[in-house]
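This is what each chain is made of:
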Amino acid sequence: NAFQSAQISDYSGIEIYEFSPEDQLVMVMCAIGSYQPSFQLFRMLDHSPEPLNLDTFAAPEGLSTQKVTKAEFWGEAAVSFDQQELFILNFSRQTRDCGTWANYSLSGKKVVLKAFRFHLPCAEAPEESIKTGASKPPEGWKQMSVH
């Protein structure tokens with residue numbers, strides 16, 4: 001696969017986030033990517049793995065967003081064990097100045113999109129790079145209603 005062919009360390013490409021012995025989130029890296037990785041997510045409830053197809057918004061042409069359901073994500077992910085939340089920050093280009101940010105609740109059996117922010121379209125000339133990690137929305141990005 002693309003991840004294994006580009007991998008130069010002993011990192012397996014599999015990350016497991018355990019909320020309890022009966023509830024884990026598993027992230028499987030698919031590709032390193034040029035500036036951010038792609039990954040798929042699985043939920044293990046009672047030791048039964050289920051691939052996650054999550055609601056999000058995409059901007060295929062980089063201008064407008066549309067609601068979609070995806071199984072593979074690009075970007076940086078972070079997990080909050082306290083709040084049982086997942087965050088995905090996806091940059092639209094290597095300069096890290098535009099893209100999308102999503103916040104999901106993992107507290108129930110179903111993973112639910114709680115919040116979505118975006119900075120699109122990308123400015124013609126690169127702007128200041130985002131310094132925050134995935135667990136916080138970038139300042140000044142527009143919020144979209146998720147319901």
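Data block above holds the structure.
Residues numbered from 1 in each chain as written. Predicted model: local features only at pLDDT ≥ 70, side-chain atom pairs only at ≥ 80, totals over all residues. Heavy atoms only, no water.

Draft legend 1. Structural context of the sheet that holds strand S10 (residues 99-105). Within the open sheet, the five strands sit side by side as S8-S9-S10-S11-S12. Their pairing is antiparallel. Looking at strand neighbours, the two that pair on one side only are strand S8 (76-80) and strand S12 (142-144), the edges of this open sheet. Geometrically, the sheet is characterised by an average inter-axis angle of 20 degrees between neighbouring strands, direction not taken into account. (Pairing = 2+ DSSP bridges. Helix = DSSP H or I, 4+ residues; strand = E, 2+ residues; numbered from the N terminus. Axes fitted to C-alpha atoms, helices over the stretch in contact; angles between N-to-C directions.)

Draft legend 2. Structural detail: unusual backbone geometry. Between Leu120 and Pro121 the backbone carries a cis peptide bond, its omega angle lying at -5 degrees. Note that Pro121 resides in the loop between strand S11 (112-119) and S12. Positive phi is not limited to glycine here, since Asp46 has a value of about 55 degrees. For Asp46, the location among the structural elements is in the loop between strand S3 (38-45) and strand S4 (48-51). Phi is positive for Arg96, close to 55 degrees, though the residue is something other than glycine. Here Arg96 shows up in the loop between strand S9 (85-91) and S10.

Draft legend 3. Summary view of the nonpolar core. Among the nonpolar cores identified, the biggest contains 24 residues, and Leu25, Leu41, Leu54, Leu86 and Tyr104 are the most heavily contacted of them. If we ignore the near neighbours within four places in the chain, the residues touching Tyr104 are Leu54, Asp55, Thr56, Phe73, Gln84, Glu85, Leu86, Ile88, Val111, Val112, Leu113 and Lys114. Counting residues in hydrophobic clusters, the runner-up holds nine residues, among them Ala78, Trp101, Ile130 and Ala134. (Core = buried A, V, L, I, M, F, W, Y, C linked by side-chain atoms within 4.5 Å. Buried < 20%, exposed > 50% of the residue type's maximum accessible area, 1.4 Å probe, protein only. Contact = heavy atoms within 4.5 Å.)

Draft legend 4. Just the pattern of salt bridges, in detail. A complete count under the given rule lists four salt bridges for this structure. Arg96 is the salt-bridge partner of Glu76, the closest N and O atoms lying 2.6 Å from each other. Linking Glu76 in strand S8 with Arg96 in the loop between S9 and S10, this pair joins segments that are 20 residues apart in sequence. Of the charged contacts, one joins Glu85 and Lys114 as a salt bridge, the two residues approaching to 2.3 Å between their closest N and O atoms. Here Glu85, found in strand S9, pairs with Lys114, found in strand S11; they are 29 residues apart in sequence, far enough to count as distant. When its relative accessible area of 43% is taken as the criterion, Lys114 is described as partly exposed. (Salt bridge = Lys/Arg side-chain N within 4 Å of Asp/Glu carboxyl O.)

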